[in-house]
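Per-entry structural report
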Amino acid sequence: VLSLDLASHELVTRRFDELRQVLDGGHFDVIFCNEEEALALDACLSGSDAGVDDDDDGDDLDRDAAIMRALDYLSASCSTFANVSLGARGCLVASQRHGVQSTFIEGITVRHVVDTVGCGDAYAAGVLWALAQGAHPVCAARIGQACGAATASSVGATVMDDGGLQMLQWTVDAYLAQGGSLLQPSTTL
């Protein structure tokens, strides 16, 4: 599995021409980005100066539409699936190969957030592990979310306490127990 993480909205904006060449080459199985990177990508694709701003007064519908356009572009640029992480709210995934149209997957509630450092990396690791096991993209995203959520319950980019490990194990077990399969998406979780 060859993956690409867009890394930062500044990188997307400053190196867009090179990034577009890489993306248009179709070399990646999975592409990860967060919502700020998706907004920057959409702005660059449309030739707009819009994109990431620190102003919360923006139109949510325009923002959502921009994120969806970026997701569609990324999905067409990879062989397995594209992902836009939305932090604690969840993520959006799309896979032309698997016939998954832009799907929102709600985030996992963490009762006691200690530190969010490394949550995105843990999410990506969980997704890639699940895909390596043959998981469907939606299932892989759910496993990734469990990894990211478990990381939030510890200091730093690790799962150091039993609570985080239990949450991760519970999420996987509950998904499988409710009829979920790594190979087919389920609406149970």
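This text follows the structure it describes.
Here the structure is a predicted model, which is why all the values come from computation and not from measurement. (Residues numbered from 1 in each chain as written. Predicted model: local features only at pLDDT ≥ 70, side-chain atom pairs only at ≥ 80, totals over all residues. Heavy atoms only, no water.)

**A look at the environment of L39**
Condition: Only DSSP runs of H or I reaching four residues or more are called helices, and only runs of E reaching two or more are called strands; each is numbered from the N terminus. For every residue, the accessible area obtained with a 1.4 Å probe (protein chains only) is divided by the maximum for its type, and the residue is called buried under 20%, exposed over 50%, and partly exposed between those limits.
Position of L39 among the secondary structure elements: in helix α3 (residues 35-46). Using a relative accessible area of 5% as the deciding quantity, one classes L39 as buried. Residues L39 and T13, 26 residues apart in the sequence, show an inter-C-alpha distance of 9.9 Å.

**Notes on the layout of surface pockets**
Using the following cut-off: A cavity, in this analysis, means grid points on a 1 Å lattice covering only the protein atoms where a 1.4 Å probe fits yet has no way out; a pocket is instead an open set bounded by protein on both sides within 12 Å along at least five of seven lines, and a residue lines either one if it has an atom within 4 Å of a point. Grid points are joined across faces, edges and corners, and a volume is the space filled by probe spheres set on the points. Each residue receives one of three labels: charged for Asp, Glu, Lys and Arg, nonpolar for Ala, Val, Leu, Ile, Met, Phe, Trp, Tyr, Cys and Pro, and polar for the others, Gly being one of them.
Roughly 490 Å³ of internal volume is contained in the largest pocket. Together, 24 residues line the largest pocket, and G87, A88, C119, G120 and G148 are the ones closest to its centre. If you list the elements that add at least two residues to the lining of the largest pocket, you get α3, β4 (90-95), α5 (119-132) and α6 (137-152). Its residues assigned to classes, the lining of the largest pocket shows 10 nonpolar, 11 polar and 3 charged.

**Some words on α5**
Counted only if it meets this: An expected span of 1.5 Å times one less than the residue number is assigned to each helix.
Spanning 14 residues, α5 covers 20 Å between terminal C-alpha atoms, matching the ideal 20 Å at 1.5 Å per step. Within two residues after α5, G134 carries a phi angle of roughly 95°, on the positive side.

**As for the nonpolar core**
Note the threshold: We call a set of buried residues a nonpolar core when its members are Ala, Val, Leu, Ile, Met, Phe, Trp, Tyr or Cys and they connect through side-chain atoms within 4.5 Å of each other. Any two residues having at least one pair of non-hydrogen atoms within 4.5 Å are treated as being in contact.
Residues L6, L23, I31, L41, L74 and V84 are the most contacted members of the largest nonpolar core, which totals 26 residues. Counting residues per element, the ones that place at least two in this core are α2 (16-24), β2 (28-34), α3, α4 (60-76), β3 (78-85) and β4. Tallying contributions element by element places α4 first for this core, with 6 residues. What L74 contacts, discounting residues up to four positions off in sequence, is L6, L23, I31, C33, L41 and A82. One finds V30, F32, L131 and A135 within the second-largest nonpolar core, a separate group that totals 18 residues.

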